[in-house]
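So the chains spell out like this:
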Amino acid sequence: MTHHIRAARWTEQGPVAAVIAGALQPTPLAAWLVPDEEERGRVLTDVAKIWVEHALFFGDVYVTTDLAAAAVCFHRLRPLPPPVKYTTRLATAAGPHAERFLALDDIIASSQPAHAHYHLAYLAVRPTHQRSGRGRALMTHVRNRTYRLDLPSCTVALPPGQHLLAQVGYDTTQSTVQPSTGVTMHPMSRSPRQRSGARSPSVTRSKEAKP
């Protein structure tokens with residue numbers, strides 16, 4: 001089955017954020033970010049919406065036409081400003097959980113290279129639509145985008161997404177990070193002309209992440 005990819009519209013920030021929250025909610029990372037299970041879905045959606053809006057200004061947001069999957073990316077050609085009124089908006093969205101989201105921001109920032117790159121911030125597929133080829137279609141689209149921009153790409157992946165990213169040429173380039181017990185994240189990158197299945201030499205650096 002062919003899955004068609006298009007750019008998200010400004011009015012689709014909420015649905016895209018909901019896709020991200022739905023995909024993230026069952027993971028150990030989500031449980032660490034928002035221990036309150038009843039609040040988790042709402043908080044994840046509200047925080048994701050901040051970053052979806054930011055990517056519409058400073059990057060790309062791609063979706064499948066059925067809005068069951070989304071990729072949120074940033075053009076990091078130079079240091080980017082934070083989202084508008086980020087501290088205030090994060091406090092409103094996350095409440096008492098805001099500090100953990102800020103800690104996650106620090107982990108992601110520490111994995112970013114200093115040179116210009118394309119940052120895959122989120123790749124998300126609704127749980128009911130996973131293993132349907134939508135994630136692969138999005139990643140093929142993102143890969144082709146990096147070819148046109150001639151930029152390396154990087155991301156921080158949770159274990160379930162690591163295999164898919166490896167299939168489209170991403171390689172683990174740093175040691176894993178663990179913001180909390182039972183939560184593992186993998187910084188990954190790919191060169192701008194690296195083809196699927198090709199591996200680049202790994203560079204291992206140890207990093208400490210504060211919970």
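For the structure given in this document, a descriptive report is provided here.

Turning next to the overall build of the protein. Across its full length, the protein carries seven helices and eight strands. Relative to the 2.2 N^0.38 estimate, which gives 17 Å for 211 residues, the radius of gyration of the protein is 16 Å and therefore close to what a compact globule would have. Seen through its C-alpha atoms, the protein measures out along the principal axes to roughly 45 × 40 × 30 Å. Each of the 211 residues in the protein was classed as buried or not, and the buried ones make up 47%. Taking the contacts inside the protein whose residues are at least 6 apart along the sequence as the reference set, 75% of them involve residues at least 24 apart. Looking at the protein as shown, the accessible area adds up to about 10,600 Å², and 54% of this sits on carbon and sulfur atoms. Put simply, the protein has 24 plus and 15 minus side-chain charges, and the middle of one group is 10 Å from the middle of the other.

Counting residues in hydrophobic clusters, the biggest one holds 41 residues, and the most contacted among them are V16, L29, L33, L44, V47, V72 and F101. For this core, the secondary-structure elements that each account for two or more residues are α1 (13–24), α2 (28–33), α3 (37–58), β2 (59–64), β3 (69–76), α4 (86–94), α5 (98–110) and β8 (183–190). A per-element tally of this core places α3 first, with eight residues. Setting aside chain neighbours within four positions, we find L44 in contact with A21, L24, Q25, A30, L33, V34 and F101. Judged by nonpolar contacts, the second largest core, of 17 residues, contains A71, C73, V142 and L151.

Moving on, we get to the pairing of β2. Across the six residues of β2, six count as buried, placing the element largely inside the fold. Bridge count between strand β1 (residues 5–7) and β2: three bridges; the pairing is antiparallel. Along β2, the bridge assignment pairs I5 with T64. The pairing of β2 with β3 spans five bridges and is antiparallel. Within the sheet, the bridge partner assigned to Y62 lies in β3 and is A71. The turn joining β2 and β3, which pair antiparallel and follow one another in sequence, is formed by four residues; a positive phi near 55° is taken by L67.

Once that is clear, we can look at the packing of α4 against α5. Contact geometry for α4 and α5: axes closest at 9 Å, N-to-C directions at 130°. With respect to α5, the axis of α4 lies oblique. Taking contact as the criterion, the partners of Y86, L90, A91 and A94 in α4 are, on α5, A98, F101, L102 and D105. Along the lines of polarity and charge, the residues of the contact of α4 with α5 split into seven nonpolar, no polar and one charged.

A few words on the environment of V43. Within the element layout of this structure, V43 appears in helix α3. You can call V43 buried: its relative accessible area is 1%. Along the primary structure V43 and A137 are separated by 94 residues, whereas in three dimensions their C-alpha atoms are 28 Å apart. Those residues within four positions of V43 in sequence are excluded, and the remaining contacts are V34, A93, A94, H97 and F101.

Calculation rules
- Residues numbered from 1 in each chain as written.
- Predicted model: local features only at pLDDT ≥ 70, side-chain atom pairs only at ≥ 80, totals over all residues.
- Heavy atoms only, no water.
- Helix = DSSP H or I, 4+ residues; strand = E, 2+ residues; numbered from the N terminus.
- Rg over C-alpha atoms; globule rule 2.2 N^0.38 Å.
- Buried < 20%, exposed > 50% of the residue type's maximum accessible area, 1.4 Å probe, protein only.
- Contact = heavy atoms within 4.5 Å.
- Areas by Shrake-Rupley, 256 points an atom, 1.4 Å probe, with all protein chains shown as cover.
- Lys, Arg positive; Asp, Glu negative; His and termini not counted.
- Charge placed at Lys NZ, Arg CZ, Asp CG, Glu CD.
- Core = buried A, V, L, I, M, F, W, Y, C linked by side-chain atoms within 4.5 Å.
- Pairing = 2+ DSSP bridges.
- Axes fitted to C-alpha atoms, helices over the stretch in contact; angles between N-to-C directions.
- Parallel < 35°, antiparallel > 145°, perpendicular 65-115°, else oblique.
- Nonpolar A, V, L, I, M, F, W, Y, C, P; charged D, E, K, R; others polar.

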